[in-house]
Amino acid sequence: MSSSDIFIGETIGTAVLILLGVGVCAAVTLKHSKAQNAGWLAITFGWGFAVLTGAYLVGGVSGAHLNPAVTVGLAIEGGTKWSDVPLYLGSQLFGAMIGAALVWLAYYGQFRAHLTDPEILSTHTGEEGMVDQAAAPKAGPVLGIFSTGPEIRNAVQNVVTEVIATVVLVLAILTQGLNDGGNGLGTLGALITSLVVVSIGLSLGGPTGYAINPVRDLGPRIVHALLPLPNKGGSDWGYAWIPVVGPLIGGAIAGGLYNLAFA
């Protein structure tokens, strides 16, 4: 694959992944959305279909990593050159930011209505009616649309949860190469991966919201911090390292396990 293939494929694929994944979170969260309160099942299947769409679109262009943890796992396994890793990661982060910005555009009216609603603001505002950056909760009213956050804030548990979930994801991707006489699953692999993502969301997503992808969390979190959203509150940068470090460790462990058990 050429550098342009990697950049174009990973940027477009990750942008579509985040557009549809963050999009389902916006649909379920925001007032005046027809899908408001659709629940966790909608979110997990929405993310699964987002992975399916992004991977199917660019699988033949860049290999559709769409996730630094997958790239690291593949580099350790030997399927990706280490010299290509920085380009993969940079393209994925760029695409994630584009996808998150597109969600803001698609739900522009809903974001403004949600963030000026007295009922929403009452749980996030200071005495003067605006979000108090110092006193408000670390997560602003719509941060959960863009990024993940724990139900119980415990750094060790949160990292461990992300590591375990990411090992499952990356190992499931790496072992696809063992099927069909070593030829992999082709386009069927995108469907299998998307179902694995749904399974992870249903079974392991409860504690942290299952980032399992550093740019899935970091890219949209950066966009949340930059967007001119009224009363948006903080971006919870104190937690931001966990959904980056945890999945990267998980991807590395999965690559090592693959070499030990399957290579």
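See the structure shown above.
Given the structure is predicted, the values throughout are model-derived calculations rather than measurements.

Draft legend 1. Highlighting the environment of Ala-96. Mapped onto the fold, Ala-96 is located in helix H4 (residues 85-106). Given the relative accessible area of 0%, Ala-96 is considered buried. A C-alpha to C-alpha distance of 10 Å links Ala-96 and Gly-21, two positions 75 residues apart in sequence. For Ala-96, the contacting residues outside a window of four places in its chain are Thr-14, Ile-18, Val-215, Gly-219 and Pro-220.

Draft legend 2. Representation of the packing of aromatic side chains within the structure. Considering all chains together, one arrives at 6 aromatic pairs under this definition. With centroids separated by 6.2 Å and ring planes inclined at 15°, the aromatic side chains of Phe-7 and Phe-94 adopt a geometry described as stacked. Within this pair, whereas Phe-7 is found in helix H1 (residues 3-29), its partner Phe-94 is found in helix H4, the two being separated by 87 residues in sequence. When its relative accessible area of 39% is taken as the criterion, Phe-7 is described as partly exposed. On the basis of relative accessible area, Phe-94 is assigned to the partly exposed category, the value being 41%.

Draft legend 3. Fine view of the packing of H1 against helix H2 (residues 40-62). Between H1 and H2, whose axes approach to 8 Å, the crossing angle comes to 165°. The angle between the axes of H1 and H2 places the two elements in the roughly antiparallel class. The hand of the H1/H2 crossing is right-handed. Of the residues contributing to the contact of H1 with H2, the split by class is 18 nonpolar, 7 polar and 2 charged.

Draft legend 4. Region of the structure containing the side chain of Thr-44. Within the fold, Thr-44 resides in helix H2. Look past the residues within four positions of Thr-44 in its chain and what remains in contact with it is Val-198, Gly-201, Leu-202 and Tyr-210.

Draft legend 5. Broad picture of the nonpolar core. Residues Trp-47, Phe-111, Val-142, Ile-145, Phe-146 and Leu-229 are the most contacted members of the largest nonpolar core, which totals 37 residues. Elements with a contribution of two residues or more to this core: H1, H2, H4, helix H5 (108-115), helix H7 (143-146), helix H8 (155-174), helix H9 (188-204) and helix H10 (214-226). The greatest single-element share of this core, amounting to 7 residues, is contributed by H1. Judged by nonpolar contacts, the second largest core, of 13 residues, contains Val-163, Leu-171, Leu-174 and Tyr-239.

Draft legend 6. Layout of the environment of Val-198. Structurally, the position occupied by Val-198 is in helix H9. By relative accessible area, Val-198 is classed as buried at 6%. Along the primary structure Val-198 and Phe-45 are separated by 153 residues, whereas in three dimensions their C-alpha atoms are 5.7 Å apart. Not counting chain neighbours up to four residues away, the residues in contact with Val-198 comprise Thr-44, Phe-45 and Gly-48.

Draft legend 7. Representation of helix H11 (residues 242-261) within the structure. Under the 1.5 Å per step criterion, the end-to-end length of H11 is 28 Å for 20 residues, consistent within 8% with the ideal 28 Å. The complete set of buried residues in H11 reads Ile-242, Pro-243, Val-244, Gly-246, Pro-247, Gly-250, Gly-251, Ala-254, Gly-255 and Tyr-258. Of the surrounding secondary structure, the elements contacted by the buried residues of H11 are helix H3 (68-77), H8 and H10.

Draft legend 8. Spatial organisation of the environment of Pro-230. If you trace the backbone, Pro-230 turns up in the loop between H10 and H11. Accessibility expressed as a relative area gives 21% for Pro-230, which makes it partly exposed. Residues Pro-230 and Asn-158, 72 residues apart in the sequence, show an inter-C-alpha distance of 30 Å. Discounting chain neighbours no more than four positions away, the residues touching Pro-230 are Arg-112, Leu-115 and Thr-116.

Draft legend 9. Region of the structure containing the packing of H4 against H10. Look at H4 against H10: their axes get within 8 Å of each other, and the N-to-C directions meet at 50°. Here H4 lies oblique to H10, going by the angle between them. Classified by chirality, the crossing of H10 by H4 is right-handed. Across the interface between the two elements, Leu-89, Gln-92, Leu-93, Ala-96, Met-97, Ala-100 and Ala-101 of H4 pack against Val-215, Leu-218, Gly-219, Pro-220, Ile-222 and Val-223 of H10. A class-by-class count of the residues in the contact of H4 with H10 yields 11 nonpolar, 2 polar and no charged.

The rules behind the values
- Residues numbered from 1 in each chain as written.
- Predicted model: local features only at pLDDT ≥ 70, side-chain atom pairs only at ≥ 80, totals over all residues.
- Heavy atoms only, no water.
- Helix = DSSP H or I, 4+ residues; strand = E, 2+ residues; numbered from the N terminus.
- Buried < 20%, exposed > 50% of the residue type's maximum accessible area, 1.4 Å probe, protein only.
- Contact = heavy atoms within 4.5 Å.
- Phe/Tyr/Trp six-rings, centres within 6.5 Å; stacked < 30°, edge-to-face > 60°.
- Axes fitted to C-alpha atoms, helices over the stretch in contact; angles between N-to-C directions.
- Parallel < 35°, antiparallel > 145°, perpendicular 65-115°, else oblique.
- Left-handed = near helix turned anticlockwise from the far one by under 90°.
- Nonpolar A, V, L, I, M, F, W, Y, C, P; charged D, E, K, R; others polar.
- Core = buried A, V, L, I, M, F, W, Y, C linked by side-chain atoms within 4.5 Å.
- Expected span 1.5 Å × (residues − 1).

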